[in-house]
Amino acid sequence: MNDSYKNSIILCTYITRSNLRIKRNIAKSFIRRGFVKVNGVVITNIRHLVKAGDKVEVLDKLIVLKY
């Protein structure tokens, strides 16, 4: 497996596992509508990979991953 993918998670999965408790279908809708930013850039691809240290915002609210 490529090292760049080893410590990554798909954006939609990241959001559903976050502190916001958003269901997967809602997370996908938010991403497609442009309500999600990664490192300050609007992302509309639900399969975008989020890496450790990336800053993810949904509706301008910073989210953190719950383990």
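Residues numbered from 1 in each chain as written. Predicted model: local features only at pLDDT ≥ 70, side-chain atom pairs only at ≥ 80, totals over all residues. Heavy atoms only, no water.

A. Up close: the overall build of the protein chain. Helices and strands together make up the secondary structure of the protein chain, namely 3 helices and 6 strands. Along the chain direction, N to C, the helices and strands of the protein chain fall in the order α-β-α-α-β-β-β-β-β. Relative to its 67 residues, the protein chain shows a buried fraction of 33%. Partitioning the contacts of the protein chain with sequence separation of at least 6, the portion at a separation of at least 24 is 49%. Carbon and sulfur atoms make up 50% of the accessible area of the protein chain, which amounts to about 4,700 Å² in all. (Helix = DSSP H or I, 4+ residues; strand = E, 2+ residues; numbered from the N terminus. Buried < 20%, exposed > 50% of the residue type's maximum accessible area, 1.4 Å probe, protein only. Contact = heavy atoms within 4.5 Å. Areas by Shrake-Rupley, 256 points an atom, 1.4 Å probe, with all protein chains shown as cover.)

B. Structural detail: the nonpolar core. Within the largest apolar cluster, 17 residues are counted, with the highest numbers of intra-cluster contacts made by L11, I15, I31, V36, V56 and V58. With 4 residues, helix α2 (residues 11-16) is the largest single contributor of residues to this core. Setting aside chain neighbours within four positions, we find V56 in contact with L11, Y14, V36, K37, V38, V50, K61, L62 and I63. (Core = buried A, V, L, I, M, F, W, Y, C linked by side-chain atoms within 4.5 Å.)

C. Region of interest: the environment of V58. Tracing the sequence through the fold places V58 in strand β5 (residues 56-58). On the basis of relative accessibility, which here comes to 3%, the residue V58 falls in the buried class. Sequence separation between V58 and F30 is 28 residues, and the spatial gap between their C-alpha atoms is 7.7 Å. Those residues in contact with V58 that lie beyond four places of it in its chain are I15, L20, I22, F30, F35, V36 and I63.

D. Seen up close, the pattern of salt bridges. Under the defined criterion, the tally for this structure stands at 1 salt bridge. Note that K37 is salt-bridged to D60, the shortest N-O span being 3.5 Å. Of the two residues, K37 sits in strand β2 (residues 36-38) while D60 sits in the loop between β5 and β6 (61-63), which places them 23 residues apart along the sequence. By relative accessible area, K37 is classed as partly exposed at 27%. For D60, a relative accessible area of 57% puts it in the exposed group. (Salt bridge = Lys/Arg side-chain N within 4 Å of Asp/Glu carboxyl O.)

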